[in-house]
Amino acid sequence: MGSNSNTIYDIIILGAGVSGIGMAHSLLREKDQTFLILEKNDGVGGTWRNNTYPGLCCDVPSHFYSYSFSMNPNWSKTFPEQYEILEYLENVTDKFKIRPHIKFNSEVKKSKYNQKDKYWETFLSDGEVFRSRSLVSGLGQLNKPKYPEINGLKDFNGHNFHSAQWDHNYNLEGKKVAVIGNGPSAIGFIPIIAGKVEQLTIFQRSNNWIVPKPDRPYGSFEKFCLRNIPLLARMYRFYFYLTQERNYLAFYYKHSKAVKILEKVVSAILTKFKLFRFEDVYKAGALMLIDEQISDEKLKKKLIPDYPIGCKRIIPTNDYYPAICRDNVYLETSLIDKIEGNQIITRDGNHHEVDAIIFGTGFEANIFISPVKIIGLNEIKLDDVWSNGAEAYRGVMVPNFPNFYICYGPNTNTGHVSIIYMIESQIMFIMKCLRYLKNNKLNYLDVKNTAMESYNNKLQKTFPEFFDGDPNTCAGADFPEVVFMKKSDEEQDDMALERHKAMLAEGALSDADLDADIKELQKGDKKIGDGPSHLEGQRTWV
């Protein structure tokens, strides 16, 4: 599929994960845009193909963690596991005939905008070059494992691997294993391996708010109804949208009287008029779970966070606490000082002898495009533009990178809703830009620096609303991801703010706002023809 010929595609998409598949579906529906997806792996799925660690599942209900254009009535349970999500993405790819448009085993090294000929040139690791008028990144944020900086780690004489690169050939049975990190990934695989290893030591840097997971299998009758009654399936999906979206009220500082009243009413109904704030409802659920599953008061103190619920992603699970209560599991809360030989030494002097280390430290979530290099006008590198923190207009466009669009870009992640829902909103925005570009036969679209600055300044000004005006509210969360938007090290906001900033992006991508964006576009003095030979023209600003 594809070659480094003189073909100039309308769009090239980087990656065949959730974003790439969703973008391809929208383009196929339009029927008047040529496109190619470049995927480095031998199959679709992105992070759901690359990650295979035990216990990997989604913490968003399955009927909402799916495309709106391809609802799946056959989900086996409320919260899907990795293999089932990957199977779903494979099925969507084939159902909508997207696979013929994908070039697999094609690792992209860089994409560069050719100012003379007005198109993007995308270079593969094998030397092939592909050209397109527009470029869409569907690379996502969860693709580069994050490793901690620990003295002596390189000299560790045991076995070690990251959860994102799980070593299925290494036998954990009878081994002394250390797990460094206790985020969602670690909390997923720890209950699976705890019964296999001789000894498991969990190194916890900061604790999490953990709530009960309302998971259950779907019966054959439910699947039959969802398969044969489309309206019911759509309403069921909308139900999960509402249950996820209500979480927004738990974290958002309510300036609107109407929102405050709504919160009180819903909270009162859910708790039989005992609690009147959503955050209190969540906290009560978390504390009830820990009281029910753990009797050791000292262990409880290690696990109950000292920061408000909502500062970090809330983790739903029913089997983590029972796992750490096992006799062969120890929770270490002292920070790691160094590693010597096969021993992990903490700052309070404890020595832990281990055979293997598993890193459950997540991903470099502040890296959106790397290792792909994106080069725009006047040789401007996206890495340089984002050297002090990534920012983008509506999380999608960056000035001086014409006809370049990002799915799952800066400030579009959330802590309360399905990322697929967010990605579909971004695709709507991109499609409107592509239509405008083609219908008006324009050379390219770009975003003004002033427009992006105004948009991001608005986000910055809204931060205090989440914390009663005090940005230190979440200081104890020790949030691992770097804040994406920062002016300098001194001006960094607390790391927990990223989840709250992301919530603003959802509303920013509504249909009304998209229409307003298109109205702001101004035509260049020149237009381009339909063919690749008519490439003269001027930039059009958003």
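Residues numbered from 1 in each chain as written. Predicted model: local features only at pLDDT ≥ 70, side-chain atom pairs only at ≥ 80, totals over all residues. Heavy atoms only, no water.

Caption draft 1: Main features of the overall build of the chain. Across its full length, the chain holds 16 helices and 20 strands. For the chain, the residues scored as buried account for 54% of the 542 residues in total. Carbon and sulfur atoms make up 50% of the accessible area of the chain, which totals about 24,300 Å². (Helix = DSSP H or I, 4+ residues; strand = E, 2+ residues; numbered from the N terminus. Buried < 20%, exposed > 50% of the residue type's maximum accessible area, 1.4 Å probe, protein only. Areas by Shrake-Rupley, 256 points an atom, 1.4 Å probe, with all protein chains shown as cover.)

Caption draft 2: Examining the sheet that holds strand 15 (residues 351–353) more closely. One open sheet holds the three strands; their spatial order is 13-14-15, and the pairing between them is antiparallel. In the strand order of this sheet, the two ends are held by strand 13 (336–340) and strand 15, each with one partner. Between one strand and the next, the sheet's axes are offset by a mean angle of 20°, whatever the strand orientation. Across four bridges, strand 13 lies against strand 14 (residues 343–346) in antiparallel orientation. (Pairing = 2+ DSSP bridges. Axes fitted to C-alpha atoms, helices over the stretch in contact; angles between N-to-C directions.)

Caption draft 3: Representation of the pattern of salt bridges. Considering all chains together, one arrives at 15 salt bridges under this definition. With a shortest N-O distance of 3.1 Å, Glu30 and Arg435 are connected by a salt bridge. Here the residue Glu30 occupies a position in helix 1 (residues 18–30), and Arg435 occupies one in helix 13 (residues 419–439), the gap between them amounting to 405 residues. A relative accessible area of 26% means that Glu30 is categorised as partly exposed. Residue class for Arg435 comes out partly exposed when judged on its relative accessible area of 30%. The residue Lys338 makes a salt bridge to Glu340 at a minimum N-O spacing of 3.0 Å. For Glu340, a relative accessible area of 43% puts it in the partly exposed group. Taken together, the shared-partner salt bridges in this structure form one network comprising Arg49, Glu90, Asp94 and Arg99. (Salt bridge = Lys/Arg side-chain N within 4 Å of Asp/Glu carboxyl O.)

Caption draft 4: Spatial organisation of helix 9 (residues 278–293). Compared with the 22 Å implied by 1.5 Å per residue over 16 residues, the 23 Å span of helix 9 between its first and last C-alpha is a close match. Taken together, the buried positions of helix 9 are occupied by Phe278, Glu279, Val281, Tyr282, Gly285, Ala286, Leu289 and Ile290. Each buried residue of helix 9 sits inside an arc of 165° when the element is viewed along its axis, so together they form one side. Counted as exposed and oriented over 90 degrees from the buried face of helix 9: Met288 and Glu292. (Expected span 1.5 Å × (residues − 1). Arc of directions from axis to C-beta.)

Caption draft 5: Looking closely at the pairing of strand 4 (residues 108–114). The sheet contact formed by strand 4 and strand 5 (residues 119–124) spans six bridges and is antiparallel. Paired with Tyr113 across the two strands is Trp120, which belongs to strand 5. Between strand 4 and the antiparallel strand that follows it, strand 5, lie four residues; Lys118 among them carries a positive phi value of about 60°. As paired elements, strand 4 and strand 17 (residues 373–375) share three bridges and run parallel to each other. Looking at the pairing, Lys112 lines up with Ile375 of strand 17.

Caption draft 6: Here's a closer look at the nonpolar core. Counting 86 residues, the largest nonpolar core has Met23, Phe189, Ile190, Leu200, Tyr321, Ile358 and Tyr405 as the members making the most contacts within it. With twelve residues, helix 13 is the single largest residue contributor to this core. Residues Leu36, Phe130, Val372 and Ile374 belong to the second largest nonpolar core, which totals 23 residues. (Core = buried A, V, L, I, M, F, W, Y, C linked by side-chain atoms within 4.5 Å.)

Caption draft 7: Main features of the packing of aromatic side chains. Using the criterion set out here, one finds 24 aromatic pairs in the structure. Summarising the aromatic geometry, the rings of Trp48 and Tyr65 are spaced 5.9 Å apart at their centres and angled 75° between planes, so their arrangement reads as edge-to-face. Separated by 17 residues along the polypeptide, Trp48 in helix 2 (residues 47–50) and Tyr65 in the loop between helix 2 and helix 3 (82–95) bring together distant segments of the chain. When sorted by exposure, Trp48 lands in the same class as Tyr65, which is buried. (Phe/Tyr/Trp six-rings, centres within 6.5 Å; stacked < 30°, edge-to-face > 60°.)

Caption draft 8: The side chain of Asp10, seen in detail. As for its placement among the helices and strands, Asp10 is situated in strand 1 (residues 8–14). For Asp10, a relative accessible area of 12% translates into the label buried. At 2.9 Å, the side chain of Asp10 and the backbone nitrogen of Thr34 are in polar contact. Among residues more than four places away in sequence, those in contact with Asp10 are Asp32, Gln33, Thr34, Ser132, Arg133, Ser134 and Lys438. (Polar contact = N/O pair within 3.5 Å; in protein donor to acceptor, adjacent residues only side chain to side chain. Contact = heavy atoms within 4.5 Å.)

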